[in-house]
Amino acid sequence: MQTVTLNNGVEMPILGFGVFQIPADETEQAVTEALAAGYRLLDTAAAYQNEEAVGRAIKNSGVPREELFVTTKLWVEDAPAQENTKRAFETSLNKLGLDYLDLYLMHQPYGDVYGQWRAMEELNREGRTKAIGVANFYPDRLLDLIINNEITPAVNQIETHPFFQRVADQELMREHGVQLQSWGGFAEGKNDIFTHPLLSEIGTKHGKSVAQVVLRWLTQRDVVAIPKSVRPDRMAENFDIFDFELTDGQMSAIATLETGASLFFDHHDPAMVQWLSSRRLDG
Ligand code: NAP
């Protein structure tokens, strides 16, 4: 598997498997099938409520721990953030049945972000997580976090797909050594992406599906991708992207699909800030 090297030297697979919106009672099977298909990067979150099922699949897979790259995410914590972040980390780790994480991400740019980040820095220094990063940070918040803390996030996991490409964000991240990881690489199927005429035409030229073209486009841009699927045929399809290359012309053609806006929600929208900040997790 092709990898990217994070800013602290940790190697991260460029392609992984995401489990958002997989119900807890289907997650163990999905992750078992994903591991069998060859995925080694798993992306979950405390908020997805399926960490235990991910942990069971890991345990039963027999895949050596050091071959895996496991990410989970911290939900928005109340003050005292230092204490609550460490408690949330231990809860996630116990649910996953692991004794260290590969990557711990702050899920949202809300709450006591600086308190949360300092606790995450400590967890990183103590070796409890090999790398720390953030998700859903727009450039202004990301840069402020970088400037005002010791450890620069290794990763920023943000909505990135052909309709919202994040080229300028990636430029800034590159300048500061932050790896871009895409969430919603297929835009969760929005805009009829899987039958999109341009993406289908490019796929036909390579004998590949639209999903494969999108994943190839992301990874060719050095973006880490974590497609989600509960279907083994699609898991295999999404994993089979390393035997072809998009031409410069095809990369430029896909660039024209940019709409400049999120297809989901804007993290600057006060209503969304209110909603996400008011959610709390049990246990
Ligand atoms: P996504 O990967 O863009 O799209 C998933 C959808 O595409 C599912 O409906 C899936 O259906 C379908 N699909 C998958 N492969 C396909 C294929 N080859 N052909 C046709 N349809 C296919 O959406 P996502 O799950 O939102 O994003 C990926 C991961 O990013 C998540 O699982 C999660 O780990 C992470 N994420 C993070 C955040 C964050 O705030 N940090 C937010 C959202 C997501 P089936 O399952 O039925 O195949």
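In this convention, every chain numbers its residues from 1, walking through the sequence in written order. For this predicted model, a pLDDT threshold of at least 70 governs which residues receive local features, and a threshold of 80 or more governs which side-chain atom pairs are given and counted, while totals over whole chains, interfaces and linings are taken from all residues. Heavy atoms from the whole structure form the basis of all side-chain values; hydrogens and water molecules are not counted.

Describe in detail the pattern of salt bridges, supporting the description with residues and values.
Side chains that carry opposite charge are capable of pairing whenever their charged atoms lie near each other. A side-chain nitrogen of Lys or Arg and a carboxyl oxygen of Asp or Glu constitute a salt bridge if their distance falls within 4 Å. Applying the stated criterion across every chain, the model contains 16 salt bridges. In this structure, R65 and D102 form a salt bridge, with 2.8 Å as the shortest nitrogen-oxygen distance. In this pair, R65 is assigned in the loop between α2 (51-61) and β5 (69-74) and D102 in strand β6 (residues 101-106), connecting sequence segments 37 residues apart. Of the two residues examined, R65 and D102, each falls in the buried class. Secondary structure elements are defined from DSSP: runs of H or I of at least 4 residues count as helices, runs of E of at least 2 residues count as strands, and each element is numbered from the N terminus. The buried label goes to any residue with under 20% of its type's maximum accessible area, the exposed label to any with over 50%, and the partly exposed label to all in between, with areas taken from a 1.4 Å probe on protein chains only.

Give me the site of the ligand: which residues, what numbers.
As a structural note, the neighbourhood of the ligand is formed by 26 residues, with D43, E188, K228, S229 and R234 the closest of them. Nitrogen and oxygen atoms within 3.5 Å of one another constitute a polar contact, given that in protein one can donate a hydrogen and the other can accept it, and given that sequence-neighbouring residues count only through two side-chain atoms. In the environment of the ligand, an oxygen atom lies 2.6 Å from a nitrogen or oxygen atom belonging to the side chain of D43. A distance of 3.5 Å separates an oxygen atom of the ligand from a polar backbone atom of A187. Working definition of accessibility: Shrake-Rupley area with a 1.4 Å probe, residue cover restricted to the visible protein chains. Look at the ligand: alone it shows 910 Å² of surface, and the protein chains cover 88% of it. In the shell around the ligand, the residues fall into 12 nonpolar, eight polar and six charged. For each residue, the test is whether any non-hydrogen atom lies within 4 Å of the molecule or strand; if one does, the residue is near. Asp, Glu, Lys and Arg are counted as charged, while Ala, Val, Leu, Ile, Met, Phe, Trp, Tyr, Cys and Pro are counted as nonpolar; the rest, among them Gly, fall into the polar class.

Can you tell me about unusual backbone geometry, naming the residues and giving the values?
Even without glycine at this site, Q21 takes up a positive phi of about 70°. You can see Q21 is positioned in the loop between β3 (17-18) and α1 (24-37). The phi torsion at A187 lies on the positive side, around 55°, for a residue other than glycine. Counting through the fold element by element, A187 comes out in the loop between β9 (179-183) and α7 (197-206).

For the sheet that holds strand β7 (residues 129-135), give the residues involved together with the corresponding values.
Each pair of strands is called paired provided DSSP finds at least two bridges between the two strands. Strand order in the open sheet made by the eight strands is β3-β4-β5-β6-β7-β8-β9-β10, with parallel pairing throughout. What marks the edges here is a single partner per strand, and that holds for β3 and β10 (224-225).

Note that all results are geometric; they support no functional claim without further evidence.
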